[in-house]
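Single-letter residue listing:
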Amino acid sequence: CRFETVPPLAPTRFAVINVGADQVKMLDDAGRETLLVKPTWRGEVLAAGLRYLKVSHELKFDRYMEDGRMVEHLRYPSKGVEMRRIFKKSA
């Protein structure tokens, strides 16, 4: 499946996530450098820590399918904030 944000936040990018790796370098939607920390599968959920490199932020990250759409669930423990982003399915 291919997913896109509307409006587009960044150029299309691809990342290979090696499940079980200690860290995986990635870019977020705005092109900021991040690290996925210890990505793992929990059932059908891709779960990992998420660390921003330029300004240090530590988050928890889950990505999964719900009703045919990709959902990204971020938790920011130090600020007590949770965010869910539901992606539009593209054709």
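Just above sits the structure.
First things first, this report covers the structure right here in the doc. Given the structure is predicted, the values throughout are model-derived calculations rather than measurements.

1. Points about the overall build of the protein chain
Move 1: Helices and strands together make up the secondary structure of the protein chain, namely zero helices and eight strands.
Move 2: A burial count over the protein chain gives 29% of its 91 residues as buried.
Move 3: For the protein chain, restricting intrachain contacts to residue pairs at least 6 apart in sequence, the fraction spanning at least 24 positions comes to 16%.
Move 4: Of the roughly 6,500 Å² that the protein chain leaves accessible, carbon and sulfur atoms contribute 54%.

2. Some remarks on the sheet that holds strand 2 (residues 23-27)
Move 1: The strand order across the open sheet built from six strands is 2-3-4-5-6-7, with neighbouring strands paired in antiparallel fashion. A strand with exactly one partner marks an edge of an open sheet, and here the two such strands are strand 2 and strand 7 (81-86). Adjacent strand axes in the sheet meet at a mean angle of 30 degrees when their direction is disregarded.
Move 2: Where strand 6 (residues 69-76) lies against strand 7, six bridges are found, and the strand directions are antiparallel. Note that in strand 7 the partner of Glu72 across the bridge is Arg85.

3. A word on the pattern of salt bridges
Move 1: For the coordinates displayed, the defined rule picks out six salt bridges.
Move 2: Ionic pairing is found between Arg75 and Asp62, a salt bridge with its closest N-O pair at 3.3 Å. With a gap of 13 residues between them, Arg75 in strand 6 and Asp62 in strand 5 (residues 57-66) connect regions that are remote in the sequence.
Move 3: Accessibility expressed as a relative area gives 22% for Arg75, which makes it partly exposed.
Move 4: Close ionic contact of Glu72 with Arg63 constitutes a salt bridge, the shortest N to O distance being 2.2 Å.
Move 5: Classification of Glu72 as buried rests on a relative accessible area of 8%.

4. A word on the nonpolar core
Move 1: Counting residues in hydrophobic clusters, the biggest one holds 10 residues: Val24, Leu36, Leu46, Ala48, Leu50, Tyr52, Leu59, Phe61, Leu74 and Tyr76.
Move 2: Among the elements of the structure, strand 4 (45-52), strand 5 and strand 6 are those that each provide at least two residues to this core.
Move 3: With four residues, strand 4 is the largest single contributor of residues to this core.
Move 4: Every residue in contact with Tyr76, bar those within four places of it in the chain, is listed here: His57, Glu58, Leu59 and Val81.

5. A word on the side chain of Glu72
Move 1: The topology assignment puts Glu72 in strand 6.
Move 2: For Glu72, the side chain forms a polar contact with the side chain of Arg85, separated by 2.7 Å.
Move 3: Leaving out residues up to four positions away in the same chain, Glu72 has contacts with Phe61, Asp62, Arg63, Met83, Arg84, Arg85 and Phe87.

Here is what the cut-offs are and how they apply
- Residues numbered from 1 in each chain as written.
- Predicted model: local features only at pLDDT ≥ 70, side-chain atom pairs only at ≥ 80, totals over all residues.
- Heavy atoms only, no water.
- Helix = DSSP H or I, 4+ residues; strand = E, 2+ residues; numbered from the N terminus.
- Buried < 20%, exposed > 50% of the residue type's maximum accessible area, 1.4 Å probe, protein only.
- Contact = heavy atoms within 4.5 Å.
- Areas by Shrake-Rupley, 256 points an atom, 1.4 Å probe, with all protein chains shown as cover.
- Pairing = 2+ DSSP bridges.
- Axes fitted to C-alpha atoms, helices over the stretch in contact; angles between N-to-C directions.
- Salt bridge = Lys/Arg side-chain N within 4 Å of Asp/Glu carboxyl O.
- Core = buried A, V, L, I, M, F, W, Y, C linked by side-chain atoms within 4.5 Å.
- Polar contact = N/O pair within 3.5 Å; in protein donor to acceptor, adjacent residues only side chain to side chain.

So far we have only geometry, and geometry alone does not tell us how the molecule works.
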